[in-house]
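Remarks on the overall topology
The primary structure of each chain is shown beneath.
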Amino acid sequence: MHFLWDGLRQGVQLILHGNSYIVQLTWVTIRVAAISTAVASLLGLPLGLALGLGRFRGRRVGLTLGNAGLALPPVMLGLVLSLLMFPQAPLGGLHLLFTLNGVIVAQTLLAFPIVVALTAAAVQAVPAGLIAQARALGAGTRHVWLLALREARVGVMAAVIAALGSALSEVGAVVLVGGNIEGSDQTLASAALEQVDAGHFAQAMAIGIVLLGLILLLAGALTVLQQRGTVARVRVRAPS
Amino acid sequence: MTRDPDAPSTLLSASALCVQRDGRDVVRDVDLELRAGEMLVLLGPNGAGKSTLLDALAGMLAASRGRVQRSGRVAVALQSPDLARRSVAQNVELALAWWGVPRSQRAPRARTALAELGVDHLSDRAAATLSGGERRRVHLARALAVRPDVLLLDEPFAGLDAVTRAELLGDAESALRSAARATIIVVHDRAEAWALADRLLVLLDGRIAATGPPRELLEHPPTEAVARFLGFDGSLTEGDETLLTRPAHVSLDAEGPLLALVVRSIPLEDGVRLELQLDHGRLFTVAPIPGPRTGERVRLRVDGGVRFRTPLSTRTSVSG
């Protein structure tokens, strides 16, 4: 039990004293999470919209792959990616193995199916009549997608939050692709794992507490964006 | 044949139009022409292919045979009045954005359309808080606001209670009238058709069964099937002819020439609907309250109705 208490105490001290090790880990973690979530969203939102709203051959296969991607084992992805990134392997020329960029690529690939599958599910819940009416009044694909994104905002933001959560807390792919190199591509989650392996449980707890705080902060900010306007709607509906 | 140069221009036409859904012919050999200023009501029972025809005319569904020609832009108000999660005015402005109306024109055009449908006072309300009737009005306003050359409305009064429907029908009739626009309205309620139509098109089993001014069709339905669909529910076999009647054609009269047995009596708001069994047929009428009881014998007379030749297999002799 004293590990928990020590961890909490050390965590607070590390944060309060601006420990450079923690600051560096936090910065790397934020960079990895922000870039991988942004890229996964940039690529995943259009694909999720197309799969959720489109009517084309192969759509169900795409949805199945997206949903299967939700359970993609990070260790498996990390293993395959690291093998592909070996110097003589197909991606070797990109020099991504044991680099921060390699870690960002791995995290993006993990976050991508989350964004795709959850976005597709969210926009499928938009009333079909509204989408059909938009098309009947001349809306092009861009207008229909913007309408669906806005109508399914809560679900789409949940997809982005889930992708961010994955990028913040995942360790398997980070360690395999990045090598967990301190000062280079080590994140808060992979650093906590390293401390556990070394038997420094209090230190691991302290890093874990910082990570949890970061998750709460970022998820909280996104939740504010997600829920903006929804409370007013519920209040207005209530009297009827 | 020469064309009248003053005649309104044709905005929409279909020739030998056939449409399939799931490999099945739903609309067959439809020919129609719609001119500016005209209000055509498409009437038919459930499953007759009305919505499918509308989708094909709008270009939302491909024709399996035949062709559709459109002159100008076509807007469709679908049956379901789904609105986006924003204010009423923003919903109409959104439709104008879809239609390609410049941003500066959207707000005034939205206000005008909402006023035409009597819901301008709801402009700032969230669409989610509207009643069914209000949603229908905003849905119609959205379609009117885009000012299409051809407006297609799929059951715009569906799902409303009688009072709300009557109010909306009255307001919509004037709002929908435009000399520049051609309008097709799909309905399955005959009362709505009489209230709105310049021209009525009856669709039965995917084919045009009758077309013409509503009063003319009601007085001279071209076939027995059309007559029955238009409310000729009474039937008397007289030799090689069948007389079809509407309740208004039949009246109870102690001096009347026909004798009938009341087999059913259903109370209505303003009277009693009677089902009357005769030797050679069955008639329906509405009598003042309290009306005769079930099992009672009454005398009656028939004024009007339409006659069709009875198929040989169903002819019976008349006992009088």
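The shown structure was predicted, so the numbers you read here are calculated from the model rather than taken from an experiment. (Residues numbered from 1 in each chain as written. Chains lettered and ligands numbered in written order. Predicted model: local features only at pLDDT ≥ 70, side-chain atom pairs only at ≥ 80, totals over all residues.)

Quick look at the overall build of chain B
A count of helical and extended segments in chain B gives eight helices and 17 strands. Taken over the C-alpha atoms alone, chain B extends approximately 75 × 50 × 45 Å along its principal axes. A buried classification covers 40% of the 320 residues belonging to chain B. The contacts of chain B with a sequence gap of at least 6 include a subset with a gap of at least 24, amounting to 66%. (Helix = DSSP H or I, 4+ residues; strand = E, 2+ residues; numbered from the N terminus. Buried ≥ 20, exposed ≤ 12 C-beta atoms within 10 Å, placed from the backbone. Contact = placed C-beta atoms within 7 Å.)

Focus: the overall build of chain A
Summing up its helical and strand segments, chain A has twelve helices and zero strands in all. Order of helices (α) and strands (β) in chain A, N terminus to C terminus: α-α-α-α-α-α-α-α-α-α-α-α. The long-range share in chain A, meaning contacts at least 24 apart out of those at least 6 apart in sequence, stands at 78%.

Brief notes about the interface of chain A and chain B
Each side of the interface is counted separately: chain A has 17 residues, and chain B has 18 residues. When contributions to the side of chain A that touches chain B are tallied by element, the ones reaching two or more residues are α6 (128-136), α7 (141-151) and α12 (230-237) of chain A. A total of six residues in the side of chain A that touches chain B trace back to one element, the largest contributor, which is α6 of chain A. Class assignment of the residues belonging to the side of chain A that touches chain B gives a composition of nine nonpolar, five polar and three charged. (Nonpolar A, V, L, I, M, F, W, Y, C, P; charged D, E, K, R; others polar.)

Description of the sheet that holds strand β15 (residues 281-287) of chain B
Residue and element names in this part refer to chain B. The antiparallel open sheet is built from eight strands, whose spatial order is β12-β16-β13-β14-β15-β10-β11-β17. Because the sheet does not close on itself, it has two edges, and the strands there are β12 (250-252) and β17 (306-309). Taking each pair of neighbouring strands and ignoring which way they run, the sheet shows an average axis angle of 40 degrees. Bridge analysis of β12 against strand β16 (residues 297-302) gives three bridges, and the strand direction is antiparallel. Paired with Val250 across the bridge in β16 is Val302. (Pairing = 2+ DSSP bridges. Axes fitted to C-alpha atoms, helices over the stretch in contact; angles between N-to-C directions.)

Topic: the environment of Arg60 of chain A
One can find Arg60 of chain A in helix α3 (residues 59-69). C-alpha separation for the pair Arg60 of chain A and Ser184 of chain A, spaced 124 residues apart in sequence, amounts to 41 Å.

Observations regarding unusual backbone geometry
Looking along the chain, the bond that leaves Ile289 of chain B and enters Pro290 of chain B is cis, with omega of 10 degrees. Among the secondary structure elements, Pro290 of chain B is positioned in the loop between β15 and β16. Located in the positive-phi region is His95 of chain A, a residue other than glycine, with phi close to 55 degrees. Residue placement: His95 of chain A occurs in the loop between α4 (74-85) and α5 (100-124). Phi at Asp29 of chain B takes a positive value of approximately 45 degrees, unusual for a residue other than glycine.

Structural notes on the environment of Val286 of chain B
Note that Val286 of chain B resides in strand β15. Apart from the residues within four sequence positions on either side, Val286 of chain B is in contact with Pro247, Leu268, Gly271, Val272 and Arg273 of chain B.

What about the packing of helix α2 (residues 88-99) of chain B against helix α4 (residues 132-145) of chain B?
Residue and element names in this part refer to chain B. Running from amino to carboxyl end, α2 crosses α4 at an angle of 35 degrees, the nearest separation of the two axes being 9 Å. Every pair of crossing elements has a handedness; the one defined by α2 and α4 is right-handed. Side by side, α2 and α4 meet where Val88, Asn91, Val92, Ala95 and Leu96 of the first sit next to Val138, Ala141, Arg142 and Ala145 of the second. Of the residues contributing to the contact of α2 with α4, the split by class is seven nonpolar, one polar and one charged. (Left-handed = near helix turned anticlockwise from the far one by under 90°.)

Comments concerning the confidence of the model for chain A
The predicted structure's coordinates, where accompanied by low pLDDT, should not be read in detail. All names here are of chain A. Summary statistics for chain A give a mean pLDDT of 90 and a share of 94% for residues scoring 70 or more. Confidence scores differ between elements of chain A, with α12 showing the lowest mean pLDDT of 51 and α5 the highest of 97. Scored below 50 in pLDDT, residues 234-240 shows five contacts in the model against residues more than four places distant or in partner chains. (pLDDT = per-residue confidence, 0-100.)

A word on the domain arrangement of chain B
Once the domains are mapped, chain B shows domain 1 (10-219) and domain 2 (232-314). On a C-alpha basis, the centroid separation for the pair domain 1 of chain B and domain 2 of chain B is 37 Å. (Domains from an automatic or database assignment.)

So, helix α1 (residues 50-58) of chain B
Residue and element names in this part refer to chain B. Counting buried residues in α1 gives nine out of nine residues, a clear majority hidden from the surface. Restricting attention to buried positions, one finds in α1 the residues Lys50, Ser51, Thr52, Leu53, Leu54, Asp55, Ala56, Leu57 and Ala58. Trailing α1 by a residue or two, Gly59 shows a phi angle of about 85 degrees, which is positive.

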